[in-house]
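Each chain, letter by letter, is given below.
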Amino acid sequence: FQPKLLAGRRVLLTAGPTFERIDAVRGITNSSSGKMGFAVARAAWEAGADVTLIAGETAQPTPPDCRRIDVRSAQDMLAAVERELDGTDIFIAVAAVADYYVLNQSEHKIKKDAHILTLELAPNPDILASVACRDNPPFCVGFAAESENLLEYADAKRRRKQLPLLVANLVQQAMGADDNEVILLDDAGEHRLPRGPKLAVARQLVAHLAGLYAQCGPA
Ligand code: C5P
């Protein structure tokens, strides 16, 4: 009998896109499908974890036994993460969070006319960085989707956000696709996972993070 790798651990995840409101009917979002985050949630549940999934707008079905909290904007996502963080052992930020929100939102539908319309964008909070820089943070895992210079940018991101583990992938290969190919970056270096369906990749990621967590994480 082999005990499950994350038995008794509480895992909190973010997944999917955020939606930043412009007016009563419009908004800014991105092409994240939520597939990878939901696959990681499922893999964590298979590994025995108690899973809470904070999801942006996505059509993905909730993985078995996961507690799912639906959110819209990055600020809603941050508020949900802060509410759920207590008792979290492992925080995995898979969501494609919008970098900016619209400052000059309009309560009602904006009517068109001949004038130029300007949207003012203000930076969103970095949810993952805000969790990772707390006192006694959970074991934090980030994702880096880059379109070029993958390893260089991803490594810089891991250091800047102070993450023990970062999952790097090329956006061209991952966003919306059913397969993914990722490289894991941790203190020991790079670990390339074979290209495969997102659930297969997620299972390998969870096995890797459970190994790291067992070395340096659990209380
Ligand atoms: O800085 P960048 O957006 O590329 O970082 C990606 C990682 O940070 C992902 O794990 C993503 O979920 C997380 N993130 C976040 N809040 C943001 C931006 C990114 O949690 N505002």
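Residues numbered from 1 in each chain as written. Predicted model: local features only at pLDDT ≥ 70, side-chain atom pairs only at ≥ 80, totals over all residues.

Looking up the protein in an unreviewed UniProt entry gives the name Coenzyme A biosynthesis bifunctional protein CoaBC, with the organism given as Chitiniphilus purpureus.

1. Notes on the sheet that holds strand 1 (residues 10-15)
What counts is decided by this rule: For two strands to be treated as a pair, DSSP must find at least two bridges joining them. Each helix is a run of H or I in the DSSP string that is no shorter than four residues. Each strand is a run of E no shorter than two, and both are numbered from the N terminus. Note on geometry: axes are lines fitted to C-alpha atoms, helical ones only across the stretch in contact, with angles between N-to-C directions running from 0 to 180 degrees. By the criterion used throughout, residues are in contact when their C-beta atoms, derived from the backbone, lie within 7 Å.
Strand order in the open sheet formed by 8 strands is 5-4-1-6-9-10-12-13, with mixed pairing between adjacent strands. Of all strands in the sheet, those with a lone pairing partner are strand 5 (67-70) and strand 13 (189-192), marking the two edges. Mean inter-strand twist for the sheet, computed between neighbouring axes without regard to direction, equals 20 degrees. Examined bridge by bridge, strand 9 (residues 139-146) and strand 10 (residues 165-170) share 6 bridges and lie parallel to one another. The residue bridging G142 from the neighbouring strand is L166, located in strand 10. Helix 4 (residues 150-160) contacts strand 9, strand 10, strand 12 (183-186) and strand 13 of the sheet and is inclined by roughly 150 degrees relative to strand 9.

2. What about the site of the ligand?
Put simply, the rule reads: All residues are tested the same way: a C-beta atom is placed from the backbone, and lying within 6 Å of a molecule or strand makes the residue near it. Think of it as three bins: nonpolar holds Ala, Val, Leu, Ile, Met, Phe, Trp, Tyr, Cys and Pro, charged holds Asp, Glu, Lys and Arg, and polar takes everything else, Gly as well.
Surveying the vicinity of the ligand reveals 14 residues, the closest of which are A93, V97, I127, L128 and G142. Split by residue class, the shell around the ligand holds 9 nonpolar, 3 polar and 2 charged.

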